[in-house]
Amino acid sequence: MAKNLVIVESPTKAKTIKGFLSKDFLIKSSFGHIRDLSKKNLGVDIENNFTPSYEIPADKTKIVNELKKFAKESDMVWLASDEDREGEAISWHLVEALKLKENKTKRIVFHEITKTAILDAINNPRKIDKKLVDAQQARRVLDRLVGFELSPVLWKKIKPSLSAGRVQSVAVRLIVEREKEINSFKSTSSYKIIAIFKKDSLPKQTNNNEIKAELSQRFKTKDHATDFLKKCISANFFIKNIEKKSTKKSPAPPFTTSTLQQEASRKLGFSVSKTMLIAQQLYESGKITYMRTDSVNLSNLALSMAKKEISNIYGTKYVNIRKYSTKIKGAQEAHEAIRPTYINIHNTGKDDNQKKLYALIWKRAIASQMSEALLEKTNVTIEANSIKEKFIAKGEILKFDGFLKVYMESDNTENDIQNKMLPPVAIGDKLISKEINAIEKFTQHQPRYTEASLVKKMEELGIGRPSTYAPTISTIQKRGYVVNETRESITRNYIYITLINDKIKEEIKTENIGYEKSKLFPTDIGIVVNSFLVEHFKNILDYNFTANVEKEFDEIAQGKKIWNKTISKFYKPFHKQVEDALETTERISGERLLGKDPETGEKIITRIGRFGPLVQIGENKDDKKPKFASLRKGQSIETITIEEALNLFKLPRTVGKYEENEIIAAIGRFGPYVKHKSDFYSLTKNDDPMTISEQRAIEIIEEKKEKNRKKIIKEFEENKNIKILNGKYGAYISFEKKNYKIPKDKDPKTLTLSECLKITKEISNNKKTVQHNFKKKKNN
DNA sequence: CAGTGAGCGAGCTTCCGCTTGACTT
């Protein structure tokens, strides 16, 4: 029996550490937090100094009991949870839940998983820092109070099942306000002048004898631009000045969770949750260090590995070892930056995604320890005596590539690395203009957030943590506040004026604008909830709220403040706000009057109903009932027109007849469909229920029927209720609307009816016992 | 799983942060 029990947070970490310690140490993991506030009620006793009531969640009872047993059998328990606020709380909860004795318990910390770091930690144990634990309790209780008092206000005033919280509500606010800015943005245009010059006299023909230059100013109107081009007709251009400047470019620090999510999104097109899933796989197979971190720090071991590796591949002049420090507010830095475990492995991974993400992590980590790139920038000024404006041509030569050999941050496009060479010119050289163009350019609105750029913004504001970025983004989508959509571009005309061979020609060209790939758009519900919260809970929705309370948590951790007094000071005015909001405001529906029905003259309004945004014709009075229709995807209360609203009432629509029965087209909860007899058939993206033809509808019905026929592997004459079907995960048995797995050793094609019934019975019985066990444990 | 939308009232929903399996069918 091991004399020592070490408890860490992650099982993978436990596995790694096992190799560093002797057999006297048993390493186990708590799988994160083991206790939390009660789920059923508030879980905080407001009357009694905000005393929290903690519970062990059902899915943690097993691990807690196991740890209890091991603790009992050990002489010493080493609590090795992470070195931050949450980690300290986990250790404290372990002491409480496992009933650990003080003289048998030690708290140790390490923020890199290396043998020396761990042995060092064992030699320097300490006690649990109760002040840090209190700071965590304050954080936890505050979040519970805010979330569980605000959400019910939304249920009453707007719609059931909505939610609000310190983090998610601010994330939604960012998206709503960005959309408002975009809606009120007025694009203006100006004319950019681009000239292509050639050297007047060329001693010998070279490939590169053209100079592309931009005028240092833009013109506000077409007339100004045209006037300028006219002046250029007779102008004699020459090189007025040449300026050379050496610059350096430094690599970005190694990845944190947030920067990994951003780069994987931009370079690999991964969603935030996909990045985390694949990173988790790499972590669990020992390929990379921990993927939920806000630290840019690398261990000394990693630095020396990197130094050796860079020298080996590129030579010592490419080595430049750096220690990075974080600039992020509220960073806790309990772990290393994300890096390959073994820096000498350049490529690894079980599938394409793992390989791509690993390569990205490797490059970024290696580049962070490489030399700066050296560039020479050249600015050439081109003038003509008859013109007061200047043209500037820019050139750039890479003198030494340094870290650019392996990694380029995608803010800078690939083109940036390539040399932008200028032809050899000298001051005073005469130039002829091959062509000069005036191009109408429009100002752009701010970009909409992507998942990854939202994470970046949240991190800047100190909202959320590496472990919650991905879940928060999925929460605000699940609540229907925000949608992640790709919207097609629209075309816009712009004016293009050219001056070639002394002739000015004006043409109208078109460009595609507004293509939005995987961007976050607020929904009507998101907009209404946000404006309600901002109006009544301005302080909570303030972008600095988290940063401000973090300061207080820090003071609690330093022992300058008592946690429940701090909470009490916050809670009193906050609770008053909640009561005021409940009393004073009416139910909010975001109602907007669209106009009158041309047929009946009744009012048409759009608003949020129990099931989301709708259009309503007429009012509910006397015997008359209003007519309702749900808004379609992409439509919103703010922008829907009366024509679009009236169109919604054209469904459901009879399309035609098939096999003696009517085909009806409509839009349901899961999108557009046609209905035939009592069966539903989903329409494809290209079909419109408003216009779909009888012929096309029949095609869709037949396609699905054919697919269903293929799905059936076996049916039984004796019992029509049981079938063997082919599904996404292979063959399975369908029986009385429930599905059953077929044991691996059985061939689905040869199963008999009695065998099938036996399988369903066995699985049902197993399930019952599992549920029974679960209930029993819950009662404990 | 696809026709909802008043109002009544039951009972439910909800937070953030720390961790991975369950589980398909």
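None of the values given here were measured: they were computed from a predicted structure. (Residues numbered from 1 in each chain as written. Chains lettered and ligands numbered in written order. Predicted model: local features only at pLDDT ≥ 70, side-chain atom pairs only at ≥ 80, totals over all residues. Heavy atoms only, no water.)

### With respect to the packing of helix H3 (residues 85–98) against helix H5 (residues 130–157)
Here is step 1 of the chain: Direction vectors running N to C along H3 and H5 enclose 105 degrees, while the axes themselves pass 8 Å from each other. When the axis of H3 is compared with that of H5, the two are roughly perpendicular. Contact residues: Arg 85, Glu 86, Glu 88, Ala 89 and Trp 92 in H3; Lys 130, Leu 132, Val 133, Ala 135, Gln 136, Gln 137 and Arg 139 in H5.
Here is step 2 of the chain: Each residue belonging to the contact of H3 with H5 can be placed in one class, and the counts come to 5 nonpolar, 2 polar and 5 charged. (Axes fitted to C-alpha atoms, helices over the stretch in contact; angles between N-to-C directions. Helix = DSSP H or I, 4+ residues; strand = E, 2+ residues; numbered from the N terminus. Parallel < 35°, antiparallel > 145°, perpendicular 65-115°, else oblique. Contact = heavy atoms within 4.5 Å. Nonpolar A, V, L, I, M, F, W, Y, C, P; charged D, E, K, R; others polar.)

### Brief notes about the side chain of Gln 577
Here is step 1 of the chain: Counting through the fold element by element, Gln 577 comes out in helix H17 (residues 563–584).
Here is step 2 of the chain: Within the local environment of Gln 577, its side chain forms a polar contact with the side chain of Asn 539, the two groups lying 3.0 Å apart.
Here is step 3 of the chain: When neighbours within four sequence positions are excluded, Gln 577 is seen to be in contact with His 536, Phe 537, Lys 538 and Asn 539. (Polar contact = N/O pair within 3.5 Å; in protein donor to acceptor, adjacent residues only side chain to side chain.)

### What to know about the packing of aromatic side chains
Here is step 1 of the chain: For the structure on display, the rule yields 17 aromatic pairs.
Here is step 2 of the chain: Measuring from ring centre to ring centre gives 6.5 Å for Phe 255 and Tyr 407, while their planes differ by 80 degrees; the resulting arrangement is edge-to-face. Here the residue Phe 255 occupies a position in the loop between strand S11 (237–249) and helix H8 (257–268), and Tyr 407 occupies one in the loop between strand S13 (387–400) and strand S14 (430–442), the gap between them amounting to 152 residues.
Here is step 3 of the chain: Given a relative accessible area of 0%, Phe 255 falls into the buried group.
Here is step 4 of the chain: Members of the aromatic cluster, each reached through a chain of ring pairs, are Phe 50, Phe 537, Phe 545, Phe 570, Tyr 571 and Phe 574.
Here is step 5 of the chain: Lying across the ring of Tyr 543, Arg 173 places its NZ or CZ 4.6 Å from the centre. (Phe/Tyr/Trp six-rings, centres within 6.5 Å; stacked < 30°, edge-to-face > 60°. Buried < 20%, exposed > 50% of the residue type's maximum accessible area, 1.4 Å probe, protein only. Lys NZ or Arg CZ within 6 Å of the ring centre and 35° of its normal.)

### Some words on the sheet that holds strand S2 (residues 25–29)
Here is step 1 of the chain: As summarised here, the arrangement of the 4 strands in space is S2-S1-S7-S8, forming an open sheet in which the pairing is parallel. If you trace the sheet from one side to the other, it starts and ends with S2 and strand S8 (105–107), each paired once. On average, adjacent strands in this sheet sit at an angle of 20 degrees to one another, irrespective of strand direction.
Here is step 2 of the chain: Bridge count between strand S7 (residues 76–79) and S8: 3 bridges; the pairing is parallel. Within S8, the residue paired with Trp 78 across the bridge is Lys 106.
Here is step 3 of the chain: Running over the sheet, helix H1 (residues 11–18) touches strand S1 (4–8) and S2 and is turned about 165 degrees from S2. (Pairing = 2+ DSSP bridges.)

### Comments concerning the pattern of salt bridges
Here is step 1 of the chain: Counted by the stated rule, this structure contains 36 salt bridges.
Here is step 2 of the chain: Residue Asp 82 is joined to Lys 13 by a salt bridge in which the shortest nitrogen-to-oxygen separation is 3.0 Å. Remark: Lys 13 occurs in helix H1 and Asp 82 occurs in the loop between S7 and H3; sequence separation between them is 69 residues. The burial state of Asp 82 is the same as that of Lys 13; both residues are buried.
Here is step 3 of the chain: Residues joined in a network through salt bridges with shared partners are Glu 86, Arg 139, Asp 143 and Arg 166. (Salt bridge = Lys/Arg side-chain N within 4 Å of Asp/Glu carboxyl O.)

### A short note on the nonpolar core
Here is step 1 of the chain: Counting 109 residues, the largest nonpolar core has Leu 357 and Leu 454 as its most contacted members.
Here is step 2 of the chain: The element that contributes the greatest number of residues to this core is H5, accounting for 10 residues.
Here is step 3 of the chain: If you look at the next biggest cluster of nonpolar residues, it comprises 27 residues, including Leu 229, Ala 384, Ile 495 and Ile 497. (Core = buried A, V, L, I, M, F, W, Y, C linked by side-chain atoms within 4.5 Å.)

### What about the confidence of the model for chain A?
Here is step 1 of the chain: When pLDDT is averaged along chain A, the result is 90, and 94% of the positions lie at 70 or above.
Here is step 2 of the chain: Every residue in residues 413–417 is under pLDDT 50, and counting partners more than four places away or in other chains gives 5 contacts.
Here is step 3 of the chain: The low-confidence segment residues 768–780, where pLDDT is below 50, has 2 contacts with residues more than four positions distant or belonging to other chains. (pLDDT = per-residue confidence, 0-100.)

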